[in-house]
Amino acid sequence: MTRTTTNTTYGIIALHILIWGVLISLPHLLTGNQPLPPGALPGSFWLISSILHIGVFYLNAYVLFPRWLNKKYWWLYLVSILCALAAVNYTKIVILATFYPHVNIRGASRMMVFTPVIIFLIASIIYRLVIDKIRYEKEQKEHQAAQLAMELKFLRSQISPHFLFNVLTNLVSLARKKSDLMEPSLIMLSDLMRYMLYDSEVKKVPLEKEVAYLKSYIELQKLRFGEDTRIETRIEIAPAGEQLNIEPMLLIPFVENAFKHGIGWIADPWISIRLIVTENCLTFTVRNKFSLNGADSKDANSGIGLANVGTRLKLLYPDQHTLTVQTDADIFSTVLTLQLR
């Protein structure tokens, strides 16, 4: 049991004690030291009755109601409630006859003897319904949180093999050319894999780590394509932005998609990547040329990245982001605005 749960339990117990204490003290608070009128119920009897009523309250709330009030045993619940009411009222009659023979149980006194136990019973039913509703809502929230965590874990695991597949394809191209760039490319890939396998396991990472990962990926692509593709990069982060955190592996799908669709059967290909962070606002813009004629040549998995990141944004930043995807002539652009903490 956590400390928060323990403190909550102690708080509930203290609240119950306070309520019952006020209730038991009620006759003394109302009458003070004044003598009771003839036929009135003594304060000591009120104390005994209150203890019996409290017993019925907890018996119904924690035993009878949760155990037997269902489709199968509802009749047993009714029988047990009637028996409890009869037992309490009979006990009070015996106590009055034995210790308070001078009290005449008529009129208002009769109501004060037999009615309170019914009120306590109704209060216990309401109490049980309320705590069951609170518990159900708490379990639903915990279940939703667990589902969210599992879904995010699945989405992350889906990105890694997709990203790795594309990078290995790039390295195969360098290997075929027997390029001297193969070794630095493998070193960069090693750094990328370290980030993917270890650093990205946490919920949030420092923004500077995500940016370093992004830069490594861009440099890896530059090593592959060299001067064949014009790659423009602009990254500006205000000093305060260095302390911000972000969901790992969130920005790379946009850049990966640009290289996937912006390179190939395209005349004068170019890719523009712009990351601006001012205060708590991140603006990430990726633009690239693309060819409609070459779209059919892409593999069937080429859309995984953007669909994945869109789902993650909805789960993690539901009211803290805007994502705009536009196609204008032969220019494809994505603009992500994200509020970070």
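Owing to the predicted nature of the structure, the values given are computational and were not obtained by experimental measurement. (Residues numbered from 1 in each chain as written. Predicted model: local features only at pLDDT ≥ 70, side-chain atom pairs only at ≥ 80, totals over all residues. Heavy atoms only, no water.)

1. Quick notes on the side chain of Lys92
The topology assignment puts Lys92 in helix α4 (residues 74-99). Excluding residues within four positions of it along the chain, Lys92 makes contact with Phe45, Ser49, Leu52, His53, Val113 and Phe114. (Helix = DSSP H or I, 4+ residues; strand = E, 2+ residues; numbered from the N terminus. Contact = heavy atoms within 4.5 Å.)

2. Structural notes on the sheet that holds strand β6 (residues 321-328)
Sheet architecture is open: five strands sit in the order β2-β4-β5-β7-β6, paired in mixed fashion. Single-partner strands in this sheet number two, and they are β2 (230-237) and β6. In this sheet, adjacent strand axes meet at a mean angle of 5 degrees when their direction is disregarded. Two strands pair when backbone bridges link them, and strand β4 (residues 270-278) and strand β5 (residues 281-289) are joined in this way by eight bridges, in the antiparallel orientation. Bridge pairing links Arg274 to Thr285 in β5. In the packing of helix α9 (residues 252-262) onto the sheet, the strands contacted are β2, β4, β5, β6 and β7 (331-339), and the crossing angle to β5 comes to about 5 degrees. (Pairing = 2+ DSSP bridges. Axes fitted to C-alpha atoms, helices over the stretch in contact; angles between N-to-C directions.)

3. Re the nonpolar core
One finds Ile246, Val255, Leu282, Phe284 and Leu338 to be the most contacted residues of the largest nonpolar core, which totals 41 residues. Those elements that place two or more of their residues in this core are α6 (116-177), α7 (182-197), α8 (207-225), α9, β4, β5, α10 (304-316) and β7. The element that contributes the greatest number of residues to this core is α8, accounting for eight residues. Here Leu282 is in contact with Leu207, Ile246, Leu251, Leu275, Ile276, Val277, Leu336, Thr337, Leu338 and Leu340, once residues within four sequence places are set aside. Val56, Tyr77, Val88 and Val117 belong to the second-largest nonpolar core, a separate cluster that totals nine residues. (Core = buried A, V, L, I, M, F, W, Y, C linked by side-chain atoms within 4.5 Å. Buried < 20%, exposed > 50% of the residue type's maximum accessible area, 1.4 Å probe, protein only.)

4. Some details on unusual backbone geometry
Residue Glu279 is not a glycine yet carries a positive backbone phi of 55 degrees. As for its placement among the helices and strands, Glu279 is situated in the loop between β4 and β5. Backbone geometry at Ala329 places phi at a positive 60 degrees, although glycine is not the residue there. Secondary-structure assignment places Ala329 in the loop between β6 and β7. The class of Ala329 is exposed, set by a relative accessible area of 65%.

Interpretation in functional terms is not warranted from these geometric data alone.
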